[in-house]
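Listed here are the chains, written in short residue letters.
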Amino acid sequence: MKHLYYLLLAIILLPCHAANAQLITTSPTIVQRSSNPIVITFHADQGNKGLMGLTSSTPVYAHTGIIRKGSTKWEYAPQWLDNSAKYKLSYVSANTWQLTIPGINEYYGITNAVEVEKLAFVFRNANGSKEGKTAAGGDIFVNVVQDNEFELTLTSSAESEYITQARDITFTATTTSSADIDIYLNSTTSSPVASAKNATTLTKTIAINTPGTYNVIARATSGTKTATQTSTVTYLGQSTQTDYPGGIPQMGAKANSDGSVTFCLAAPDKSNVLIVGSWNEYDIATSQPMHYQDYNGNRYFWATISGLAADTDYPYYYLVDGQYKVGDPYANLVLDPWNDRYISPTVFPDMPPYPSDKVSDVPLAVYNSSINDYEWKIKNFKGVDQSALVIYELLIRDFNGTEGQSLGNGTIAGVMEKLDYLKELGVNAIELLPVMEFNGNNSWGYNPNFYFAPDKAYGTPDDYRKLVDAIHERGMAVILDVVFNQSDGLHPWYRMYDIDRNPFYNGTAPHSYSVLNDWNQDNQLVQQQFKDALIY
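About the thresholds
Residues numbered from 1 in each chain as written. Predicted model: local features only at pLDDT ≥ 70, side-chain atom pairs only at ≥ 80, totals over all residues. Heavy atoms only, no water. Helix = DSSP H or I, 4+ residues; strand = E, 2+ residues; numbered from the N terminus. Rg over C-alpha atoms; globule rule 2.2 N^0.38 Å. Buried < 20%, exposed > 50% of the residue type's maximum accessible area, 1.4 Å probe, protein only. Contact = heavy atoms within 4.5 Å. Lys, Arg positive; Asp, Glu negative; His and termini not counted. Charge placed at Lys NZ, Arg CZ, Asp CG, Glu CD. Pairing = 2+ DSSP bridges. Axes fitted to C-alpha atoms, helices over the stretch in contact; angles between N-to-C directions. Phe/Tyr/Trp six-rings, centres within 6.5 Å; stacked < 30°, edge-to-face > 60°. Lys NZ or Arg CZ within 6 Å of the ring centre and 35° of its normal. 1 Å grid on protein atoms, 1.4 Å probe; cavity = no way out; pocket = protein on both sides within 12 Å on 5 of 7 lines; lining within 4 Å. Points joined across faces, edges and corners; volume = space filled by probe spheres on them. pLDDT = per-residue confidence, 0-100. Expected span 1.5 Å × (residues − 1). Polar contact = N/O pair within 3.5 Å; in protein donor to acceptor, adjacent residues only side chain to side chain.

**Describing the overall build of the protein**
Looking only at helices and strands, one finds seven helices and 28 strands in the protein. By the compact-globule yardstick of 24 Å for 536 residues, the protein fits well, its C-alpha radius of gyration being 26 Å. Principal axes of the C-alpha set define a box for the protein whose edges measure 80 × 55 × 45 Å. Within the span of the protein, comprising 536 residues, buried residues form 52% of the whole. Residue pairs in contact within the protein that sit at least 24 positions apart in sequence constitute 68% of those at least 6 positions apart. Between the mean site of the 36 positive side-chain charges and the mean site of the 54 negative ones, the protein shows a separation of 4 Å.

Rendered as structure tokens:
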């Protein structure tokens, strides 16, 4: 099996005042240009969790630099794998590490006037084989406030902006200088629930015990300057036990005879799942929790949605236990928030747009009642005798494209133009390197995330079908190279669990030369996924 490390290039900015569970926290809460010292606390069980579970005996280092105002370029960063003592983090407790920066100028060696806008980080082990980054594989950033600016942050003790049980949540407003601070619940036109005069912090604990959305608003005034921040917590309804229609859960989206669609996600050990879709403008507050059924030792969540129009694209995702936003592992088409924008309309015309004004940082599944409608020209192809196979292994990315240039811009349309050439060579079988939805747009395909969705970088689902038809018309067989030993980090079942408690993956591969995330092939649902993918 071939393997390819692929670095997801999407960069996700993590503000230092993020409201809920954070990959890094800072002391002081608001980092200013003159802050001294600055303590960076790295929570390895957040983000991509690449360093989760390491003990104090395994050193962790920061690769760090600064981003100046108006730039996106890292500056004042060391060489990669510089293991100098200044970059080594201190072990605090399980999955918690700290780095102390005595001062921005001193630490980064800045000797002239530089307006620093962000501190940039990637955490790693000593040889760089493991990295701590954002959940999407991006670099981590901390905002830096200039000393003459007035800034307000509002943080909460909630691990997520969504909770599934009633609880008390503590909100803390922090300012860069003394101010009059008020905290409001839902509206600033009502009386504040907490106030402080000439202060830099204000804390208020609020009991959230009825399902709904709670907007906590902090407002601070210092002289002529006023700042406002809002933290939102939504208390979700509970999933209830109700058997899947017919009694046997079927994963994915299934159309019903009455025009409704039943969506189903296998999620063992989970207690609450919502399906969030374009049919209600991705409004989590009004989305209904899915039902659940325990069947053959596994838990399945399901919901039936009515009123979906035929031949219409409906993007959706799942919110699991109020913490994990994931796509549908059985999706036939996936929208990628990081990479789809780089796919040319000539390659994938009329691609459903990613609703970035309403959703972020999660691959969306797309349901369309006609997504699998296709009139095959060749319906009785019998294959080629195995003893007579002459196989051409073909990576669509590199097989065709701009002539004479290695741009990796090959497409299915380009392959179609070369089929007669391959036939003339004496080829009677074409083996496609993996075409299932993989990370990024430029890959050999050995980093899959969704096994039922062809990758859009090469063309539309119908383009793939037309290619198979055209190959069969010429008497040639099609062989698919499929990666059933590993997945990349965006597979929903990988994202839904900490790796040490993930029933779908091996925390440590039981074999040598492991790459990416090793499937637990003894798991019944993993086996079912692969069987269903082969049939599809």
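What follows picks up the thread again.
**Remarks on the sheet that holds strand E5 (residues 96-101)**
Read across the open sheet, the four strands follow the order E1-E2-E5-E4; overall the sheet is antiparallel. Every other strand in the sheet has two partners, leaving strand E1 (24-27) and strand E4 (90-93) as the edge strands with one partner each. Direction aside, neighbouring strands of the sheet carry axes that sit 30° apart on average. Strand direction decides the pairing type here: E4 and E5, joined by three bridges, are antiparallel. Among the inter-strand pairings, Tyr91 is bridged to a residue of E5, identified as Trp97.

**Things to note about the packing of aromatic side chains**
Counted by the stated rule, this structure contains 28 aromatic pairs. Residues Phe263 and Tyr316 carry aromatic rings whose centres are separated by 4.7 Å and whose planes lie at 65° to one another, so their mutual orientation is edge-to-face. Residue Phe263 is located in strand E16 (residues 261-266), and its partner Tyr316 is located in strand E20 (residues 314-320); the two are separated by 53 residues in the primary sequence. Between the aromatic rings of Tyr374 and Trp376, the centroid separation amounts to 4.8 Å while the plane-to-plane angle is 75°, which identifies the pairing as edge-to-face. By relative accessible area, Trp376 is classed as partly exposed at 33%. Chaining the aromatic ring pairs together yields one cluster made of Tyr451, Phe484, Trp493, Tyr494, Tyr497, Phe504, Tyr505, Trp519 and Phe530. Seen from the ring of Trp80, Arg124 lies directly overhead, with NZ or CZ sitting 5.5 Å from the centre. Taking the ring centre of Tyr292 as reference, the NZ or CZ of Arg299 above it sits at 4.0 Å.

**Considering the side chain of Glu75**
As for its position among the elements, Glu75 is in the loop between strand E3 (60-68) and E4. Each residue touching Glu75, except ones within four places of it in the same chain, is listed here: Gly65, Ile66 and Arg68.

**Observations concerning empty space enclosed by the protein**
For the structure shown, the criterion picks out one cavity of 30 Å³ or more. There is about 60 Å³ of room inside the largest cavity. Around the largest cavity sit Val334, Asp336, Pro363, Glu437, Phe438, Asn439, Gly440, Asn449, Phe450 and Leu490, which together line it.

**Some remarks on unusual backbone geometry**
The omega torsion of the bond from Ser27 to Pro28 falls at 5°, within 30 degrees of zero and hence cis. Within the element layout of this structure, Pro28 appears in the loop between E1 and strand E2 (38-43). Of note, the amide linkage connecting Asn36 to Pro37 takes the cis form, showing an omega dihedral of 0°. If you trace the backbone, Pro37 turns up in the loop between E1 and E2. Positive phi values are uncommon outside glycine, yet Lys49 reaches one of about 60°. Turning to its location among the elements, Lys49 is positioned in the loop between E2 and E3. The class of Lys49 is buried, set by a relative accessible area of 18%.

**Comments concerning the confidence of the model for the protein**
Overall, the prediction assigns the protein a mean pLDDT of 91, with 96% of residues at 70 or greater. In this model, residues 1-20 is a region of pLDDT below 50 whose contacts with residues beyond four sequence positions or in other chains number 71 contacts.

**Things to note about helix H5 (residues 461-473)**
Between its terminal C-alpha atoms H5 stretches 19 Å, which fits the 18 Å expected from 13 residues at 1.5 Å a residue. Here H5 has its buried residues at Pro461, Tyr464, Arg465, Leu467, Asp469, Ala470, Ile471 and His472. Those residues of H5 that are buried are in contact with helix H3 (412-417), helix H4 (419-424), strand E25 (429-432) and strand E26 (477-480). Among the residues trailing H5, Gly475 stands out with phi positive, at a value near 80°.

**Quick notes on the environment of Asp294**
Within the element layout of this structure, Asp294 appears in strand E18 (residues 291-295). Given a relative accessible area of 46%, Asp294 falls into the partly exposed group. A distance of 2.7 Å separates polar atoms of two side chains, one belonging to Asp294 and the other to Arg299.

**Let's talk about the sheet that holds E25**
Strands sit in the order E24-E25-E26 across an open sheet of three strands; the sheet is parallel. Since the sheet does not close on itself, it has two edges, and those belong to strand E24 (391-394) and E26, each with one partner. In this sheet, adjacent strand axes meet at a mean angle of 25° when their direction is disregarded. When E24 meets E25, the two strands line up parallel, connected through four bridges. Paired with Glu393 across the two strands is Glu431, which belongs to E25. With respect to the sheet, H5 is in contact with E25 and E26, its orientation differing from that of E26 by roughly 135°.

**Concerning the pairing of strand E6 (residues 116-125)**
For E6, the tally of buried residues reaches nine of ten residues, placing the bulk of the element in the interior. Where E3 and E6 come together, nine bridges link them in antiparallel fashion. Each bridged residue has a counterpart across the sheet, and for His63 the counterpart in E6 is Val122. Here E6 pairs with strand E8 (residues 140-143) via four bridges, running antiparallel. The residue bridging Lys118 from the neighbouring strand is Asn143, located in E8. Two strands pair when backbone bridges link them, and E6 and strand E7 (residues 131-132) are joined in this way by two bridges, in the antiparallel orientation. Bridge assignment links Arg124 to a residue of E7, and that residue is Glu131.

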